[in-house]
Amino acid sequence: MPKLRFALFGNIYQAKKSVSIQKLICLLQEREAEISVDSRFFHYLTDSLRLSVSPASLIENDDFRADYVISMGGDGTFLEAASRVRDKGIPILGINMGHLGFLADVPADEIPQAIEHIYEGKLAVEPRSVLQLAYDQGEHSVYPFALNEVAVLKQDNSSMISIRVDINGEYLATYQADGLIINTPTGSTGYALSVGGPIMSPEGGMLGLTAVAPHSLNVRPITLPDSVEVGLSVLSRNHHFLVSVDGRSETCPEGTRLTLRRAPYDILVAKRPGTSFFRTLRGKLMLGSDLRFDNAPERPL
């Protein structure tokens, strides 16, 4: 049996899931795995949940090595883990401790099977594209890579903002809206979907542009090849706007120009055998569900 190294990240607000966390750690210890734990998660496990955990090391920032990363939580926890993995090329397995879970899609009661699949080499690894954000001026605190989306939004309850969009230097449109979301295929089932954006298959090689509450009836979502460069310029009445990168937000001054392009690396998402994007859509979003046909036997058209 190979000795594997695991990096463990987790949600620190789900005390009722402590049994699942302990089960995972015990299973890995039984296989003599080398376990590193995110320091914040470690202190939550030991101080709040009173669990006995003896990791080989604690993870600070993005300084760690592993064969697999395990994210215990929802999709938000998975995105946080991805921001720490960065360009290391380590597969991330998401164990769903929350509700919907597109990225974190392993149910907690299937943890033993998931660990078995890892050691048997049965997990599929899907490369997912990442967006890179660049600013034309100033120092910025937000990590500028997004697995899901980059959103440009109005600040607080201020009036709508004006967002000029250029594609490869060519003017596309100026959006009068509460914001604009630029998403990867992975992010198409997240924030973008909630405001009417299209669902995109993960391997689609596309970007989505979807306005948030546009002040025009002729504004529609747009999909673009992810080889393009998207330029954004924002005007706002209060002279500031928000930039959200996978939920990590900061305020930018009016006049800051943003440039988005595909990042030079992918995030590797580990998937159980027998799962697929389309099965997930049917199971979690009830895509195409119709009571007239759901329980009927399949028939040829």
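Here the structure is a predicted model, which means the values were calculated and not measured.

What counts, and where the lines are drawn
Residues numbered from 1 in each chain as written. Predicted model: local features only at pLDDT ≥ 70, side-chain atom pairs only at ≥ 80, totals over all residues. Heavy atoms only, no water. Helix = DSSP H or I, 4+ residues; strand = E, 2+ residues; numbered from the N terminus. Rg over C-alpha atoms; globule rule 2.2 N^0.38 Å. Buried < 20%, exposed > 50% of the residue type's maximum accessible area, 1.4 Å probe, protein only. Contact = heavy atoms within 4.5 Å. Areas by Shrake-Rupley, 256 points an atom, 1.4 Å probe, with all protein chains shown as cover. Lys, Arg positive; Asp, Glu negative; His and termini not counted. Charge placed at Lys NZ, Arg CZ, Asp CG, Glu CD. 1 Å grid on protein atoms, 1.4 Å probe; cavity = no way out; pocket = protein on both sides within 12 Å on 5 of 7 lines; lining within 4 Å. Points joined across faces, edges and corners; volume = space filled by probe spheres on them. Nonpolar A, V, L, I, M, F, W, Y, C, P; charged D, E, K, R; others polar. Pairing = 2+ DSSP bridges. Phe/Tyr/Trp six-rings, centres within 6.5 Å; stacked < 30°, edge-to-face > 60°. Lys NZ or Arg CZ within 6 Å of the ring centre and 35° of its normal. Salt bridge = Lys/Arg side-chain N within 4 Å of Asp/Glu carboxyl O.

1. A closer look at the overall build of the protein chain
Next, step 1: The helix and strand tally for the protein chain stands at six helices and 20 strands.
Next, step 2: Over its C-alpha trace the protein chain gives a radius of gyration of 21 Å, about what one expects of a compact globule, namely 19 Å for 301 residues.
Next, step 3: With the principal axes as the frame, the protein chain shows a C-alpha extent of 60 × 60 × 35 Å.
Next, step 4: With 301 residues in all, the protein chain has 50% of them scored as buried.
Next, step 5: Taking the intrachain contacts of the protein chain between residues at least 6 apart in sequence as the baseline, contacts between residues at least 24 apart amount to 67%.
Next, step 6: For the protein chain, the exposed surface amounts to about 14,900 Å²; the carbon and sulfur share of it is 49%.
Next, step 7: With 29 positive and 35 negative side-chain charges, the protein chain shows a separation of 4 Å between the mean positions of the two kinds.

2. Here we look at empty space enclosed by the protein
Next, step 1: Overall, the coordinates contain four cavities of 30 Å³ or more when judged by the stated rule.
Next, step 2: Put simply, the largest cavity is a space of about 150 Å³.
Next, step 3: Lining the largest cavity are 15 residues, and of these Phe102, Arg128, Pro202, Lys271 and Phe277 lie nearest its centre.
Next, step 4: Contributions of two or more residues to the lining of the largest cavity are made by strand 7 (124-128) and helix 6 (277-284).
Next, step 5: Each residue belonging to the lining of the largest cavity can be placed in one class, and the counts come to six nonpolar, five polar and four charged.
Next, step 6: Leu79, Ala82, Ser83, Val130, Tyr143, Phe145, Ala146, Leu147, Asp246, Tyr265 and Ile267 together form the lining of the second largest cavity.

3. Quick notes on the layout of surface pockets
Next, step 1: Each pocket or cavity is described by its volume, and for the largest pocket that value is around 190 Å³.
Next, step 2: What lines the largest pocket is simply Phe9, Gly10, Asn11, Ile12, Tyr13, Asp38, Arg40, Phe41, Thr77, Glu80 and Arg84.
Next, step 3: Of all elements in the fold, only strand 1 (5-10), helix 2 (39-48) and helix 3 (75-85) reach the threshold of two or more residues within the lining of the largest pocket.
Next, step 4: No other element matches helix 3, which puts three residues into the lining of the largest pocket.
Next, step 5: When its residues are assigned to classes, the lining of the largest pocket shows four nonpolar, three polar and four charged.

4. Remarks on the environment of valine 37
Next, step 1: Mapped onto the elements of the fold, valine 37 is located in strand 2 (residues 34-38).
Next, step 2: Given the relative accessible area of 1%, valine 37 is considered buried.
Next, step 3: On a C-alpha basis, the gap between valine 37 and serine 52 in space is 13 Å, while along the polypeptide they are 15 residues apart.
Next, step 4: With sequence-adjacent residues up to four places away left out, valine 37 is seen in contact with Leu8, Phe42, Val53, Pro55, Ser57, Leu58 and Ile59.

5. So, the pairing of strand 8 (residues 131-135)
Next, step 1: Of the two faces of strand 8, only one is covered, namely that formed by Leu131, Leu133 and Tyr135; the face formed by Gln132 and Ala134 stays uncovered.
Next, step 2: Inspection of the sheet shows strand 8 paired to strand 19 (residues 257-262) by five bridges, in the antiparallel sense. Paired with leucine 133 across the strands is leucine 260, a residue of strand 19.

6. Considering the packing of aromatic side chains
Next, step 1: Under the defined criterion, the tally for this structure stands at seven aromatic pairs.
Next, step 2: Between phenylalanine 6 and tyrosine 68 the ring centres are 6.1 Å apart and the planes differ by 20°, which places this aromatic pair in the stacked class. Linking phenylalanine 6 in strand 1 with tyrosine 68 in strand 4 (residues 68-73), this pair joins segments that are 62 residues apart in sequence.
Next, step 3: The exposure class assigned to phenylalanine 6 is buried, which follows from its relative accessible area of 1%.
Next, step 4: Exposure remark for tyrosine 68: the relative accessible area of 15% places this residue in the buried category.
Next, step 5: Taking 5.4 Å as the distance between ring centres and 50° as the angle between the ring planes, the aromatic pair formed by phenylalanine 145 and tyrosine 265 counts as tilted. On the criterion of sequence distance, the pair formed by phenylalanine 145 in strand 9 (residues 145-146) and tyrosine 265 in the loop between strand 19 and strand 20 (267-271) is long-range, its members being 120 residues apart. Both residues of the pair, phenylalanine 145 and tyrosine 265, belong to the buried class.
Next, step 6: Put simply, the rings of Phe6, Tyr68 and Tyr119 touch in pairs and so form one group of aromatic residues.
Next, step 7: When the ring centre of phenylalanine 64 is taken as origin, the NZ or CZ atom of lysine 88, which lies over that ring, is 4.9 Å away.

7. Observations concerning unusual backbone geometry
Next, step 1: Here asparagine 168, not a glycine, exhibits a phi torsion of approximately 50°, which is positive.
Next, step 2: Its identity as a non-glycine residue notwithstanding, histidine 239 has a phi of 70°, on the positive side.
Next, step 3: Inspection of the secondary structure assignment puts histidine 239 in the loop between strand 16 (230-235) and strand 17 (240-245).

8. Side note on the pattern of salt bridges
Next, step 1: For the structure on display, the rule yields 16 salt bridges.
Next, step 2: Here aspartate 226 ties to arginine 262 by a salt bridge, and the two come within 2.7 Å at their closest N and O atoms. Here arginine 262 lies in strand 19 and aspartate 226 lies in the loop between strand 15 (222-225) and strand 16, a separation of 36 residues in the sequence.
Next, step 3: Residue class for aspartate 226 comes out buried when judged on its relative accessible area of 11%.
Next, step 4: With relative accessibility at 33%, the residue arginine 262 sits in the partly exposed group.
Next, step 5: Here the residues in one salt-bridge network are Asp38, Glu80 and Arg84, joined through shared partners.

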